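Each chain, letter by letter, is given below.
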Amino acid sequence: MTTLVSKEELADYIGKETGVSDWMKIDQERINQFADVTEDHQFIHIDPEAAAKTPFGTTIAHGFLTLSLLTPLSAGSTLGVKGTMMGVNYGCDKVRFMSPVKVDSEIRARVKLVSADEKPGNRILIKNEITIEINGEERPALIAEWLTMVFLG
């Protein structure tokens, strides 16, 4: 569940974890659909027989598939700002793909507020560090510094 805070209260959360999502399974159907949408049909993603001969031993999700799941994975784990009219994706300051997500793995998001900077026009630029963990794995799939521009009403 999203925690709603005033813009003044955001400072109290800087450097703190704001939430952890539920686990999401990454199955072959999702990987194949992403390959079709992005036209990235590299064998490591879609050919289980060929992928079995690689060091991974199986197919893996596209790094950009994992990155694209930040929205649903972090929903409810980021802070909401009272009075928000809308928030828009503003990009990423940094993205690092740390470990492959093997087919049928489960992933989740761990969210930490890095900064919240007031901008002209009644806006706030929020930076969250999102760590996508892989169930049973020591290293995360990715770590991203994700930016959201919040427009206050």
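As the structure is a prediction and not an experimental result, all values here were calculated from the model. (Residues numbered from 1 in each chain as written. Predicted model: local features only at pLDDT ≥ 70, side-chain atom pairs only at ≥ 80, totals over all residues. Heavy atoms only, no water.)

Chemist: What should I look at first to understand the pattern of salt bridges in this one?
Modeler: For side chains of opposite charge, pairing can occur when their charged atoms come near one another. Summed over all chains, the structure comprises eight salt bridges. A salt bridge links Glu129 to Lys112, with the nearest nitrogen and oxygen atoms 3.8 Å apart. On the criterion of sequence distance, the pair formed by Glu129 in strand E7 (residues 123-134) and Lys112 in strand E6 (residues 105-119) is long-range, its members being 17 residues apart. Residue Glu129 is classed as partly exposed on the basis of its relative accessible area, which comes to 22%. Overlapping salt bridges bring together Glu17, Arg108, Arg110 and Glu133 as one network. (Salt bridge = Lys/Arg side-chain N within 4 Å of Asp/Glu carboxyl O. Helix = DSSP H or I, 4+ residues; strand = E, 2+ residues; numbered from the N terminus. Buried < 20%, exposed > 50% of the residue type's maximum accessible area, 1.4 Å probe, protein only.)

Chemist: Which parts of the structure should I look at to understand the side chain of Gln28?
Modeler: By the secondary structure assignment, Gln28 is in helix H1 (residues 28-38). In this structure Gln28 comes out as buried when scored by relative accessible area, which is 18%. A distance of 2.8 Å separates a polar atom in the side chain of Gln28 from the backbone oxygen of His45. Setting aside residues up to four positions removed in sequence, Gln28 forms contacts with His45, Ile46, Thr59, Val103 and Asp104. (Polar contact = N/O pair within 3.5 Å; in protein donor to acceptor, adjacent residues only side chain to side chain. Contact = heavy atoms within 4.5 Å.)

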